[in-house]
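Single-letter residue listing:
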Amino acid sequence: MDRKAVKFREFNPQTDNWDNYIDRLNFCFEANGILMDQIKRANFFTICGAQVFETVLALITPKKCSEVTYEDIVQILTKHYSPKPNEISTSFKFYNRNQKSGESASDFIAQLRTISVGCKFTDLERMLRDRLVCGMNNKQLQYELLKRDTLTYKDVVDAMLTSESAGRDVRIIQGDAASGPPPAEPMDINAVQQRAPGPATTSNVRLCYRCGDRHAGTCRFINAICRYCKKKGHIEKACISKKKSLKPDIHFTEKEEEEQLNGIYVMKGDDRVPPYEVQVQIDKVTTRMQVDTGASFSLINERTWQAVCSRQPMALQPTSLRLRTWTEAPVILLGRISLPVTYKNRTRQLTVIVAKGDGPNLLGRNWLEPLEISLKINFISNNQSSYLEKIVTKHNEVFKEGLGTYRGKPVTVHLKPEARPKFLKARPVPFAIKDRVEKEIDRLVEEGVLRSESYSDWATPVVPIVKKNGEIRLCGDYRSTVNLATEPDTYPMPTASEVFATVAGAKYFTTLDLDRAYTQVIVDNDTAKLLTLNTCKGLFSVHRLAFGVKACPGIFQRLMTSLLGGIAGVAVLIDDIIIGGTTIEEMFNRLDAVLERIKNAGLRLNKSKCKFAQTRVEFLGFIIDAEGIHPARSKVECIWNTPAPQNVQQLQAFLGLYNFDERFIPQKAALLEPLHRLLDIIFLLLDYRLFCLSSLFGIVT
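Residues numbered from 1 in each chain as written. Predicted model: local features only at pLDDT ≥ 70, side-chain atom pairs only at ≥ 80, totals over all residues. Heavy atoms only, no water.

Trainee: Let's hear about unusual backbone geometry: which residues, and what values?
Mentor: The omega angle of the peptide bond from T61 to P62 is 15°, so this bond is cis rather than trans. When you line up the elements, P62 lands in the loop between α3 (50–60) and α4 (70–81). One non-glycine residue, A613, lies in positive phi territory at about 50°. One can find A613 in strand β23 (residues 611–614). (Helix = DSSP H or I, 4+ residues; strand = E, 2+ residues; numbered from the N terminus.)

Spelled out as structure tokens, the structure:
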């Protein structure tokens, strides 16, 4: 019986499911009475096909086919064709699986059960019940099911199948020739209560001012609170106040031969994003143009056209193209012309439209392909955005306002053996900021950072620093007190190159900023007395790590490195954290792990300074994206805007600016050689002047 050969089709890796195939094959062996391993192996190699056979040979090398058992072969191919799915990724798919438009209830249930196999839920039927209710298209049935106190998975399945069958029967009874499942989006439940069942007529469907969609009956957002104006009765999508606040500055509506084309919007406001501009040469005249993917044609203003004509007179050709503003006011066009346009060493003969006035120069879609201009769009899908919101909500404690407190042991700053206490008097505070300084001291006392003292062996004068927003940051001038008497912390700081190597190859990035980094770490009582500040309101001991103490950066770097160690793609430099991932899901998983550890440590983040799921971020003064690192525009502008050096100190500072971005400057040494030579000459002249003075007064140096 065991020698019997079976007939079975080959396995197609492109279309077949391996798990189902091998299960059916095992049943085939069982039906034919094939029990011996050698006979199973021989039959499998006979029927599996040439492609699978070659795959087996490659996977078992250096072994031969006769040296492995049938069970070994099945196990090896299962790992190859059906690898174990990631539990988190599969659960993410399960939670976001909704019933598709036109998909029957039975198909939706079957697909959901298939996805749930890799989720390893402890209570599968409860998870299926919840997902079916939340993901179904039949909103009326969903409403009815949610009203029940007790609801099982079987109740939901029966209700979905019964409702679908009843809907089909109603259509047949009413004489509807169409067959199949009922519409995916049934009428509103409130509308059902107001009129008899049946398909909505065109006269009943209207544009709703509450939600902005067309539907019949009472809108389900009648009691909703708008997230923009906070008023009841509509949602943000249909908010009139929001639409009025977004007054467009420019909107070109383009028409040519009665064809309606797309346009652009340029909004005004504090959160206005600057336009994406490129520099091109139009007939050898350098011009900056705003890239407008909504405009079908490229357009320049009258002033730019006059600059082009200044080189050589040219005549414009008439055009039938018509442009209109947002208010439907016509834009006067002077004509069109074909000119050579150069962008990054690529020159093409292109058509440009000339408009009267001094509006923006627009680079439209007709120039993108000829000039090979590619735009990088930074976005994440709705599902990914929803998943990000879940992660942030899960760790909402990390983003709460208020000072965090590190839950580890208090930190100690060690004194040198020969150190002696040093007491310095308080420095006078300008009257213009004295009130703000005193309020900041009171606030730090309330948070537990400072504590009033009547006596102290150590005292460091306080230095108030005014931030850009006008707030005060109090720092101690520890250079002449604590820093002279304490041991430095020698923990190595990661270099920028080490940070970039950690996130190399990543395509998605998240940057996190710790709120008042050092201040979240408690120090012991001896260190608190050592860090005592002498202020305009008296002595205050400092019970958190303080800015300005030379040992603090090493202490805090050791703490953060230990806290986030072991998470791939994560780099930290004191209070700045960057997380990278080759996929958005990988980056989200690493972000979840980082936030979990920060939450357990009791630390807090400044959410306003955190950037989530970006394809391009600025970190440590550089721009990082999938292509590598680039100089930050702000750093380049500092070099461009620096005035000509007038003395030695200014010249040295100017050369230091170049050193920051030296990796991006080709032939830097040759470029800056005259400035370094000038610096050498200045130092030589200073030495010669000192020699002359020494000789004049008889001083021996």
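Trainee: Residue-level account of the environment of D575, with values.
Mentor: Relative to the helices and strands, D575 resides in the loop between β21 (570–573) and β22 (576–581). Measuring from C-alpha to C-alpha, the distance between D575 and M560 comes to 8.1 Å, with 15 residues separating the pair along the chain.

Trainee: So what's going on with the packing of α3 against α4? Residues and values would help.
Mentor: Helices that pack against each other are described as a pair by the angle of their axes relative to one another and the distance between those axes. The N-to-C vectors of α3 and α4 enclose an angle of 100°; their axes lie 11 Å apart at closest approach. By the angle between their axes, α3 is roughly perpendicular relative to α4. Across the interface between the two elements, V52, T55, V56, L59 and I60 of α3 pack against I73, I76, L77, H80 and Y81 of α4. A per-class count over the contact of α3 with α4 returns 8 nonpolar, 2 polar and no charged. (Axes fitted to C-alpha atoms, helices over the stretch in contact; angles between N-to-C directions. Parallel < 35°, antiparallel > 145°, perpendicular 65-115°, else oblique. Contact = heavy atoms within 4.5 Å. Nonpolar A, V, L, I, M, F, W, Y, C, P; charged D, E, K, R; others polar.)

Trainee: Account for the pairing of strand β12 (residues 333–343), naming residues and giving values.
Mentor: Where strand β7 (residues 277–282) lies against β12, 2 bridges are found, and the strand directions are antiparallel. Bridge pairing links I282 to V341 in β12. Inspection of the sheet shows β12 paired to strand β13 (residues 346–355) by 10 bridges, in the antiparallel sense. Bridging across to β13, L333 finds its partner in A355. In this antiparallel pair of consecutive strands, β12 and β13, the connection spans 2 residues, and K344 shows a positive phi of 50°. (Pairing = 2+ DSSP bridges.)

Trainee: Just give me the short version of the sheet that holds strand β24 (residues 616–619), but keep the residues and values in it.
Mentor: Here 3 strands make up an open sheet; going across it, the order is β24-β25-β26 and the pairing antiparallel. With partners counted over all chains shown, the strands left at the sheet margins are β24 and β26 (628–631), one partner each. Strand-to-strand twist across the sheet, computed as the mean angle between neighbouring axes with direction ignored, equals 30°. As paired strands, strand β25 (residues 622–625) and β26 are joined by 4 bridges and run antiparallel to one another. For I624, the partnering residue across the bridge sits in β26 and is I629.

Trainee: Kindly report on the pattern of salt bridges, identifying the contributing residues and their values.
Mentor: In the structure shown here, the tally under the stated rule is 20 salt bridges. Between D130 and R129 there is a salt bridge, and its shortest N-O distance comes to 3.0 Å. In this structure D130 comes out as partly exposed when scored by relative accessible area, which is 30%. For R516, the salt bridge is made with E447, and the minimal N-O distance between the two is 2.9 Å. Highlighted residues: R516 in the loop between β18 (508–513) and α18 (525–530) and E447 in helix α15 (residues 431–447), separated in sequence by 69 residues. Put simply, E440, R443, E447 and R516 are held in one network by salt bridges that share partners. (Salt bridge = Lys/Arg side-chain N within 4 Å of Asp/Glu carboxyl O. Buried < 20%, exposed > 50% of the residue type's maximum accessible area, 1.4 Å probe, protein only.)

Trainee: Summarise helix α12 (residues 302–309); cite the residues concerned and give the values.
Mentor: Among the residues making up α12, those that are buried are T304, W305, V308 and C309. The buried residues of α12 occupy an angular sector of 140° when projected down its axis, which confines them to one face. The secondary structure elements touched by the buried residues of α12 are β7, β8 (285–291), β9 (299–301), β12 and β13. The opening residue of α12, the one whose side-chain oxygen lies 3.3 Å from the backbone nitrogen of R303, is N301. (Arc of directions from axis to C-beta. Polar contact = N/O pair within 3.5 Å; in protein donor to acceptor, adjacent residues only side chain to side chain.)

Trainee: Tell me about the side chain of N301, residues and numbers included.
Mentor: Among the secondary structure elements, N301 is positioned in strand β9. The class of N301 is buried, set by a relative accessible area of 4%. A polar side-chain atom of N301 sits 3.3 Å from the main-chain amide nitrogen of R303. The residues contacting N301, other than those within four sequence positions of it, are V354, A355, G357, D358, G359 and N361.

Trainee: I'd love a proper account of the sheet that holds strand β16 (residues 460–466), names of residues and values included.
Mentor: One open sheet accounts for 5 strands, arranged β15-β20-β19-β16-β17; its pairing is mixed. The open sheet terminates on both sides in strands that have one partner only, identified here as β15 (450–453) and β17 (472–476). Going across the sheet, the axis of each strand differs from the next one's by a mean of 40°, ignoring polarity. Most of the contacts of α15 go to β17, to which it runs at about 75°, and overall it touches β15, β16, β17, β19 (533–535) and β20 (538–542).

Trainee: Lay out the environment of I47 with the relevant residues and their values.
Mentor: One can find I47 in helix α2 (residues 37–47). Between the C-alpha atoms of I47 and F8, which are 39 residues apart in sequence, the distance is 6.1 Å.

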